[in-house]
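Summary of the model geometry
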Amino acid sequence: MRKGERLGLTLRRAETVEDLTESFYRLHLRTRRRLGVPVQPRRFFDVLWRLVIAPREGFVLLAYWGELPVAGAVFLTSGRTVVYKYGASEPAFWPLRPNHLIFWDAIRWSCENGFAAFDFGRSDFDNLGLRNFKSGWGAVEKPLVYATVGGELPRVGRRTRVSLLPPLIRRSPLWLCRAIGEATYRYAA
């Protein structure tokens with residue numbers, strides 16, 4: 001964290017809907033493409049701002065290198081808990097540890113504002129890098145159990161359509177990633 005600050009990283013809290021729907025969303029779109037998962041439609045973040053962030057039921061932190069946003073995270077609050085919900089960052093800036101700076105500030109703010117718990121959110125089991133990052137902060141992993149209502153997704157041969165998405169998303173231009181997210185997010189995320 002100190003290294004990033006020494007080398008010019010700055011942190012700021014989102015103050016406008018554009019901070020979320022433009023600055024964070026650009027990072028989020030590229031992160032989701034890198035991970036091969038559908039990105040939420042931009043209107044989702046408009047609604048998130050209006051119904052959650054603006055009424056102070058959550059907040060967004062953005063790390064900047066000069067004027068360039070290089071990492072960001074969305075945190076939600078519920079009762080006495082702060083929950084990490086979405087994160088995005090540019091891999092070229094990972095050596096500066098912008099995500100560490102964001103989490104340090106979020107945890108500090110949570111303590112200063114009387115929150116009793118900080119939830120690092122869910123992680124896919126096979127995402128060892130994210131799981132290690134969270135455990136490095138002292139996070140305790142707990143299994144999450146999901147139920148599906150409405151039957152199975154349609155199949156193409158022996159593979160679900162969902163399994164075809166990751167390689168397609170990873171190789172697509174950003175405009176196509178957005179279109180795939182618009183069409184599939186409610187089914188595939």
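Residues numbered from 1 in each chain as written. Predicted model: local features only at pLDDT ≥ 70, side-chain atom pairs only at ≥ 80, totals over all residues. Heavy atoms only, no water.

A separate point is the pattern of salt bridges. In this structure the tally under the stated criterion is nine salt bridges. The partner of Glu22 in a salt bridge is Arg26, with the nearest N and O atoms 3.6 Å apart. Taken together, the positions of Glu22 and Arg26, both in helix H2 (residues 17-35) and four residues apart, correspond to about one turn of that helix. (Salt bridge = Lys/Arg side-chain N within 4 Å of Asp/Glu carboxyl O. Helix = DSSP H or I, 4+ residues; strand = E, 2+ residues; numbered from the N terminus.)

Right, let's get into the pairing of strand S2 (residues 58-65). Taken across its eight residues, S2 has seven buried, putting it largely inside the fold. Direction of pairing for strand S1 (residues 9-13) relative to S2: antiparallel, over a ladder of five bridges. Of the residues in S2, the one forming a bridge with Thr10 is Tyr64. (Buried < 20%, exposed > 50% of the residue type's maximum accessible area, 1.4 Å probe, protein only. Pairing = 2+ DSSP bridges.)

The next thing to look at is helix H5 (residues 128-135). The set of residues buried in H5 consists of Arg131, Phe133 and Lys134. When H5 is viewed along its axis, its buried side chains cluster within an angular range of 160 degrees and face the same direction. Turned more than 90 degrees away from the buried face of H5 sit Leu128 and Gly129, all of them exposed. The secondary structure elements touched by the buried residues of H5 are strand S4 (81-89) and helix H4 (98-112). (Arc of directions from axis to C-beta. Contact = heavy atoms within 4.5 Å.)

Take the side chain of Thr77 next. Take Thr77: it is sitting in strand S3 (residues 68-78). Given a relative accessible area of 12%, Thr77 falls into the buried group. In this structure, Thr77 is in contact with Arg56, Glu57, Gly58, Val82, Trp109 and Phe115, ignoring residues within four places of it in sequence.

All right, on to the environment of Gly58 then. Residue placement: Gly58 occurs in strand S2. According to the relative accessible area criterion, Gly58 is buried, its value standing at 11%. Separated by 26 residues in sequence, Gly58 and Tyr84 place their C-alpha atoms 9.5 Å apart. Sequence-distant contacts of Gly58, defined by excluding residues within four places in its chain, comprise Val52, Ile53, Phe75, Leu76 and Thr77.

Once that is clear, we can look at unusual backbone geometry. A positive phi is found at Arg56, a non-glycine position, where the angle reads about 65 degrees. A positive phi angle, close to 60 degrees, is found at Arg97, a residue other than glycine. Relative to the helices and strands, Arg97 is located in the loop between S4 and H4.

Formed by 21 residues in total, the largest nonpolar core has its most connected members in Leu20, Phe24, Phe45, Leu48, Ile53, Val60 and Val74. Those elements that place two or more of their residues in this core are H2, helix H3 (42-53), S2, S4, helix H6 (161-170) and helix H7 (174-188). In terms of residue count, H2 provides more of this core than any other element does, five residues in total. Aside from chain neighbours lying at most four places away, what touches Leu20 is Tyr25, Phe45, Leu48, Trp49, Ile53, Val60 and Val74. (Core = buried A, V, L, I, M, F, W, Y, C linked by side-chain atoms within 4.5 Å.)

Our focus in this paragraph is the environment of Ala139. Along the chain, Ala139 turns up in the loop between H5 and strand S6 (155-156). For Ala139, the residues in contact, after removing those within four places along its chain, are Phe120 and Lys134.

With that out of the way, let us pick up the sheet that holds S1. Strand pairing in a sheet is mediated by backbone hydrogen bonds. Such pairs are either parallel or antiparallel. Strand order in the open sheet formed by five strands is S1-S2-S3-S4-S5, with mixed pairing between adjacent strands. The two strands at the open ends of the sheet, each matched to only one other strand, are S1 and strand S5 (117-119). When the angles between neighbouring strand axes are averaged without regard to direction, this sheet yields 25 degrees. Of the strand pairs in this sheet, S4 and S5 are connected by three bridges, and their pairing is parallel. Directly across from Thr81, in S5, lies its bridge partner Ala117. Against the sheet, H2 makes contact with S1, S2, S3 and S4, and its axis sits at roughly 70 degrees relative to S4, the strand it touches most. Here H4 sits on the sheet and contacts S1, S2, S3, S4 and S5; the angle it forms with S3, its principal contact strand, is near 30 degrees. (Axes fitted to C-alpha atoms, helices over the stretch in contact; angles between N-to-C directions.)

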